[in-house]
Amino acid sequence: MAFISLTTTFVGATVRPRKSALCRSTKHRPAPDEIFTPSASAVPRNKNLEKLQAGYLFPEIGRRRNAYLAKNPGAKIISLGVGDTTMPIPPHICKGLADGASKLGTPDGYSGYGAEQGMGILREKISSILYKGSIAPDEVFVSDGAKCDISRLQQVFGSNVSIAVQDPSYPVYVDTAVMQGQTGLYDSAVSQFEGIAYMRCDASNGFFPDLSTVPRTDLIFFCSPNNPTGAAATREQLTQLVRFAKKNGSIIVFDAAYAPFINDPAVPTSIFEIDGAREVAIEVNSFSKYAGFTGVRLGWVVVPNELVFADGSPVRADFNRIMTTCFNGASNISQHGGLACLDEQGREEIQGLIKYYLGNAGMLRKTMTELGFDVYGGTDAPYIWVGFPGKKSWEVFNEILEKAQVVTIPGAGFGPGGEGYLRLSAFAPRASCEEACKRLRALYAGVAA
Ligand SMILES: Cc1ncc(COP(=O)(O)O)c(C=O)c1O
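Note that the coordinates shown come from a computational prediction; the quantities given were computed from them, not determined experimentally.

### Section: the domain arrangement of the protein chain
- Here the domain parsing of the protein chain yields domain 1 (49-88 + 346-444) and domain 2 (91-344).
- The C-alpha centroid of domain 2 is placed 24 Å from the C-alpha centroid of domain 1.
- Together domain 1 and domain 2 conceal approximately 3,600 Å² of surface at their shared face, both sides included; 62% is due to carbon and sulfur atoms.
- Counting across the interface, domain 1 meets domain 2 through 0 salt bridges.
- Taken together, the connections running from domain 1 to domain 2 amount to 20 residue pairs in polar contact (both at pLDDT 80 or more).

Here it is as structure tokens:
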């Protein structure tokens, strides 16, 4: 018997071959009938993971793109899909990262495990520069990014809480709630999980939910500027949200990962600009989209001291417990990069990146508007949300991939409220964005108007 590789995948599970097999030469390629077929373990599958319908949205997009490429090997695909940054990290910030790495090679500069909550100096800088001192440094928890923080927050709250999400929304809120056991089963008739309150956000309500129709839940996940709709909630809307949470004794998990894209000075860049938010909100944030740190990995969470559970105990203490147990601190190199981001020069470089991506967003907006589509977002966010009324968004996704070789994201991937819409990401290089606009014009000229 022989083995093909270090891991063998079968019906969705990964099986590690026995040690002797690991030592075997990988030169030998087994015939199909030689492939190891293990018997099942006695371990039951996690029921909550069983509830999840498909793979996570973004890998699924990649799978479809690769399937198209396999059939059309010469295709020049442009991605306006997954919201990954493409511009290089600017020089001052990059130097911060490089200096952080170089220090590790010197006896004086070396550091091992750091504080799980992050370097004191970085927490202070986040507090003083990004929150103008309105948040104390010890309320800031530095992390390896917002996605991981959302998952750790779910651990803090456990399985006995109810949640509300904007519909459509960034899929991580729903998927981590399902994994945590906060929901019932998926109801395919309505494309929703039982037990989650889906707060419809569409053009008819200015992409802000009608809170008078939303039931009370323990947690409310809210993202502004929004992924995927590109809507940035106004001060008045966020005030309504904070009052709603206060009235219901709920906690808002506010995702501000796209805050630096806000152009309009009247639009809050943090939930903590709203009176009373310190008693009802947590904020997650990230350097990913600020500074091209999607691969570097650096984010933070603000948990105010005033935020307490029903028994009066501080949420901050429980989050600290999770962070110190399940996490070992953000990479020291990344944190040096974060410090450079917050220097004056770093902040200027960030503004340059934001301006560049918003330039792309403007171009995509203009193209789709001139083609006659209803277009939203793209002014205070790097996402453009385009209406294709009466059409299935996966069909539109396929059409654009096949006829224009442009990858987008179907709105339905963000929840049932996203059906009939498509998300375009402005995180592409300028030339790709221009070429994508050309191809979209060729595909849709005279179609929507
Ligand atoms: C709304 C939102 N929050 C969080 C994240 C993840 O951020 P990070 O890279 O810090 O994990 C994303 C990434 O696309 C996002 O769109």
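### Structural notes on the pairing of strand E9 (residues 219-223)
- Of all 5 residues in E9, 5 are buried, a share of seventy percent or more.
- The alternating pattern of E9 places Leu-219, Phe-221 and Cys-223 on one face and Ile-220 and Phe-222 on the opposite face, and all of these are buried.
- In terms of strand pairing, E9 meets strand E10 (residues 251-255) through 5 bridges, oriented parallel. By the bridge assignment, Ile-220 is partnered in E10 with Ile-252.
- Considered for its hand, the β-α-β crossover made up of E9, helix H8 (residues 235-248) and E10 is right-handed.

### Considerations on unusual backbone geometry
- Here Asp-167 and Pro-168 are connected by a cis peptide whose omega angle stands at 10°.
- Following the sequence through the fold, Pro-168 ends up in the loop between strand E5 (163-167) and helix H7 (172-180).
- Cis rather than trans, the peptide bond between Asn-227 and Pro-228 has omega equal to 20°.
- The residue Pro-228 is located in the loop between E9 and H8 in this model.
- Residue Arg-297 is not a glycine yet carries a positive backbone phi of 80°.
- Mapping Arg-297 onto the fold places it in the loop between helix H9 (288-291) and strand E12 (299-302).
- Taking relative accessible area as the criterion, Arg-297 reaches 29% and is therefore assigned partly exposed.

### Thoughts on the sheet that holds strand E14 (residues 383-387)
- Spatially, 4 strands are ordered E13-E14-E17-E16 in an open sheet, and the strand pairing comes out antiparallel. At either end of the open sheet lies a strand with only one pairing partner, and these are strand E13 (374-377) and strand E16 (409-410).
- Where E14 and strand E17 (residues 421-425) come together, 5 bridges link them in antiparallel fashion. Bridge pairing links Val-386 to Leu-422 in E17.
- Each of E16 and E17 is contacted by helix H13 (residues 393-404), which is oriented at about 45° to E17, the strand it contacts most.

### Here we look at the UniProt feature "domain: Aminotransferase class I/classII large" (unreviewed entry) in the protein chain
- The UniProt entry lists residues 76-440 under the feature "domain: Aminotransferase class I/classII large" (unreviewed entry), expressed in the numbering used here.
- Secondary structure across residues 76-440 divides into 37% helix and 16% strand, with the first and last C-alpha atoms of the span separated by 14 Å.

### Some words on the packing of aromatic side chains
- A full pass over the atoms with the stated rule returns 25 aromatic pairs.
- Aromatic side chains Phe-373 and Tyr-444 sit 5.3 Å apart centroid to centroid with 85° between the ring planes, which places their arrangement in the edge-to-face category. Separated by 71 residues along the polypeptide, Phe-373 in the loop between helix H12 (344-370) and E13 and Tyr-444 in helix H14 (residues 430-444) bring together distant segments of the chain.
- For Tyr-444, a relative accessible area of 3% corresponds to the buried category.
- Of the aromatic side chains, those joined through ring pairs into one cluster are Tyr-258, Phe-261, Tyr-356, Tyr-357, Tyr-383 and Phe-427.
- Its guanidinium or amino end placed over the ring of Tyr-356, Arg-430 lies 4.7 Å from that ring's centre, counting from NZ or CZ.

Calculation rules
- Residues numbered from 1 in each chain as written.
- Predicted model: local features only at pLDDT ≥ 70, side-chain atom pairs only at ≥ 80, totals over all residues.
- Heavy atoms only, no water.
- Domains from an automatic or database assignment.
- Buried area = accessible area lost by both parts, 1.4 Å probe.
- Salt bridge = Lys/Arg side-chain N within 4 Å of Asp/Glu carboxyl O.
- Polar contact = N/O pair within 3.5 Å; in protein donor to acceptor, adjacent residues only side chain to side chain.
- Buried < 20%, exposed > 50% of the residue type's maximum accessible area, 1.4 Å probe, protein only.
- Helix = DSSP H or I, 4+ residues; strand = E, 2+ residues; numbered from the N terminus.
- Pairing = 2+ DSSP bridges.
- Right-handed = clockwise from strand over helix to strand, strands pointing away.
- Contact = heavy atoms within 4.5 Å.
- Axes fitted to C-alpha atoms, helices over the stretch in contact; angles between N-to-C directions.
- UniProt positions renumbered as here; feature names shortened; annotations may be inferred.
- Phe/Tyr/Trp six-rings, centres within 6.5 Å; stacked < 30°, edge-to-face > 60°.
- Lys NZ or Arg CZ within 6 Å of the ring centre and 35° of its normal.

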